[in-house]
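Chains, contacts and geometry: an overview
One-letter residues, chain by chain:
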Amino acid sequence: MFATTGIHAQTATGEWRAYPAYHNAVKSVRAFSRIYVLSDGSLYSYDPDDSSVRTYDKVNTLSDSKIADIGYSSREKAVIICYRNGNIDFLYENDDVYNITDFLNSKVADKGVNELTLNGEKAYISTNSGILVCDIHRKEISGLYDFCGMVFSTIVIGNNIVCTSQKGMFKGNIGDNLLDPGKWQIVRSELGFRKMEQSSTCIFVMDNSNNLFVVDTDKKSVKVIDSKVNAICSDKNNIYSFKDKSIRIYESPDEYNDINTEFSVSHILADGNSLWACCGENGLQKCILKNNVLTVSVSNIIPDSPVHNYFDYMSMSGDGKLLVAGGSHNYTGVNYEGTVMSFKDGKWYNFPNAGIEEKTGLKYINITSVVEDPEIAGHYYASSFGHGIYEFKDGEFINRLSYDNSPLSTILPDGFYPQEYVRINGLQYDRNGNLWMLNNEVDTIIRVKKSDGTWKGLCYKPISGLSFFKQFTFDSRGLVWTASKWLQIGIFCLDYGETIDDESDDRYVFTGSVFTNQDGIADNILDINFIEEDLDGVMWIGTDKGIFIIEEPESFLSEKTHVFKRIKVPRNDGTNQADYLLSSVNTTAICIDDGNRKWIGTSNNGIYLIDKTGINTIEHFTTENSPLISNHILNIKINRDSGEVFIGTDEGLIVFGGDAFRSKEKLEKSNVTVYPNPVLPEYEDKITVRGLKSNSIVKILDSEGHVIHEGNSNGGGFSWNCRSGNRRVPSGVYFVMAIDENGNSSVVSRFTILR
């Protein structure tokens, strides 16, 4: 992979950084001496002169995420970017962006974008509600031709606009009032036509069965010319069609050359004597075509990035390594390509998939969790929702554990495909080096691969055979927590006495789905998404009905009636009333930072930062008020050393620079740093203090010793916005005084602000 600008190693406090996947290059355009590439719904560019790669995202330059199509307007000298939600950007050479939100903010019900076609000063955008027309020069929407429902592809040939739609293929004369549905003529009634490209004499059309046709819109004739075609594109001289590892270049429907390749191609951009090929997972490649042989001169131009935007499972190791598994539990019939990734020190490592399916005889899909062996660096286990456990060493696949070579069980031991139903989740090491796992839908749900290599199954009748357990939580008291998420909902809590082999001292309870709070109000819970312990030992539970807590977990096993407390947030409106914290909000993820604050993700309302009491909301980030790329949060993890908050969403990963850091045992001047120092005029008004003892009292003083701001550290960190009240402080020398919470020690550090 290529080094990039636009992505850096660490996210500063209060800043955002996106990490989109760039491993599925599908289209490129040339603009401003660079090649711009659409890949996995995101954008990057490559400069052939200096080999630099630059990335663009919602944090860095662009107005939105999830790009549907791109094109280059030579008249406007801008890259036109159409997002899937109907938003439009014009990207100029100096990275200025002009954003058009008219269609995005319109009352049109379905704004989904399928394709962009440029013709002179017009952009014709194929949407789920018709053809959207944008005047490029005036930078405005000039009309929506909504006569035929969903439009898949649009081209302009001569004086006619031609489109394929859910109602067939139509054409309309540009000189007519095409807002009038009666001005459009049916060309073909076939409903399967999709992507179109045009030559000087005819139109090439793909259908939804990957057949390739030639259509004469005047004669309304159609002829099949090929099949099993994956994609088509065109330039001024040729039509290109692509199959697996082959390209066909058409000069006309009857004249073409076939070229075999060592890789699959989805798009060709002719550029002088070179061809820029978009090659899916192989990225952008510069090629030379000579004597009907395609030679690669620059290969695999891909920014350093995750291989997929799959972040259903994440974990953070003590040394700051983020581990990611792609997820999908396939209850809805969706399979995700096998995905295991790690991120550390600003670099991504994507575990290779090559050869796994050939060695196992099974599709490599739906990886649900991943852990690294605490005793052997580079040794990993990855669970799957169907195919057991995959074992890796130094990134290479070495073994698969299943029902036929380990104690793992299959749901269908007597079925035709028992190897397809070994459903494993929740891999996690305990503090003694034993690997725990959840073997779903069988008698023995909990299994442990002990540190000595032997196995132990823990079978408990209340949860035997239940369908869906996702993860474990080991709390500070030695209790083990997990939750059944489907059909029979409930929390399972286990005290195994830290003696895995001796089940005689085990105590356990399974709650069921009805949670009754301190006010006697009962909620029927339909989903339990997390159970997490905070720094005070309180268990936080996220459900489809919001947040519940268990204040005394040590008595949970002995209680006959369980009370799931709700935190009450005062309305502060003079009524002396309160609301339950995030009541009826589907809370999907949580992470506790070193200040004991709670980062809570939701299914459709973004992410909340709640103070340690649970009463005060410090931040509420959504796609509307922040660079957050999706309001559907899957997972949250924090790097305690850098303070970075890693937010996994259904659209990919984004990181926020938090201000809570790992605390020091002692408050010592040698540990304390203030940055940036100096605070220069071009910097954001914010300083960050690190290296403090937890809950230190922090005071900001001016050069005369006046206290202008004070507060408590979040773990080992503290931040200040360079303001006294609401006013920016002037240039000068300032001091940070930190005192430990017991008043036993203090340190003073100096910093400078320049305006």
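To be clear, the structure that these remarks concern was listed above.
About the criteria used
- Residues numbered from 1 in each chain as written.
- Predicted model: local features only at pLDDT ≥ 70, side-chain atom pairs only at ≥ 80, totals over all residues.
- Heavy atoms only, no water.
- Core = buried A, V, L, I, M, F, W, Y, C linked by side-chain atoms within 4.5 Å.
- Buried < 20%, exposed > 50% of the residue type's maximum accessible area, 1.4 Å probe, protein only.
- Contact = heavy atoms within 4.5 Å.
- Salt bridge = Lys/Arg side-chain N within 4 Å of Asp/Glu carboxyl O.
- Helix = DSSP H or I, 4+ residues; strand = E, 2+ residues; numbered from the N terminus.
- Pairing = 2+ DSSP bridges.
- Axes fitted to C-alpha atoms, helices over the stretch in contact; angles between N-to-C directions.
- Phe/Tyr/Trp six-rings, centres within 6.5 Å; stacked < 30°, edge-to-face > 60°.

Remarks on the nonpolar core
- Ranked by size, the top nonpolar core spans 25 residues in total, and within it Val 370, Tyr 381, Ile 389, Phe 392 and Leu 427 carry the most contacts.
- Discounting chain neighbours no more than four positions away, the residues touching Phe 392 are Phe 351, Ile 356, Tyr 364, Gly 378, His 379, Tyr 380, Ala 382, Phe 397 and Ile 398.
- By size, the runner-up hydrophobic cluster in this structure holds 20 residues, among which are Val 672, Leu 692, Ile 700 and Val 747.

Some remarks on the pattern of salt bridges
- A complete count under the given rule lists 43 salt bridges for this structure.
- Here Glu 190 ties to Arg 188 by a salt bridge, and the two come within 2.6 Å at their closest N and O atoms.
- Owing to a relative accessible area of 27%, Glu 190 belongs among the partly exposed residues under this scheme.
- The salt bridge involving Glu 710 is made with Lys 699; its shortest N-O contact spans 3.1 Å. On the criterion of sequence distance, the pair formed by Glu 710 in strand β64 (residues 707-712) and Lys 699 in strand β63 (residues 697-701) is long-range, its members being eleven residues apart.

Brief notes about the sheet that holds strand β50 (residues 539-543)
- Spatially, the three strands line up as an open sheet ordered β49-β50-β51, and their pairing is antiparallel. At either margin of the open sheet sits one strand with a lone partner, and together these are β49 (528-533) and β51 (546-550). The sheet shows a mean angle of 20 degrees between the axes of neighbouring strands, direction not considered.
- Where β49 meets β50, five bridges bridge the pair, whose relative direction is antiparallel. From the neighbouring strand, Phe 530 faces β50, where its bridge partner is Gly 542.

Describing the packing of aromatic side chains
- One pass over the full model with this rule turns up 42 aromatic pairs.
- With a centroid separation of 5.7 Å and an interplanar angle of 80 degrees, the aromatic rings of Trp 436 and Phe 472 are classed as edge-to-face. With Trp 436 in strand β40 (residues 435-439) and Phe 472 in the loop between β42 (455-458) and β43 (473-474), this residue pair connects regions lying 36 residues apart in the sequence. With respect to class, Trp 436 is no different from Phe 472; both count as buried.
- Ring centres of Tyr 460 and Phe 492 lie 5.6 Å apart, and the angle between their planes is 40 degrees; on these two criteria the pair is classed as tilted. Of this pair, Tyr 460 sits in the loop between β42 and β43 while Phe 492 sits in strand β45 (residues 490-495); the two residues are 32 residues apart in sequence, bridging distant segments of the chain. Comparing Tyr 460 with Phe 492 shows no difference in burial state: the two are buried.
- Among the aromatic residues, those joined into a cluster by ring pairs are Tyr 349, Phe 351, Tyr 364, Tyr 380, Tyr 390, Phe 392 and Phe 397.

Some thoughts on the pairing of strand β8 (residues 78-83)
- For β8, the tally of buried residues reaches six of six residues, placing the bulk of the element in the interior.
- Across the two faces of β8 the burial is the same, with Ala 78, Ile 80 and Cys 82 and Val 79, Ile 81 and Tyr 83 all buried.
- Sheet analysis places strand β7 (residues 67-73) next to β8, joined by six bridges and oriented antiparallel. Looking across to β8, one finds that Asp 69 is bridged to Cys 82.

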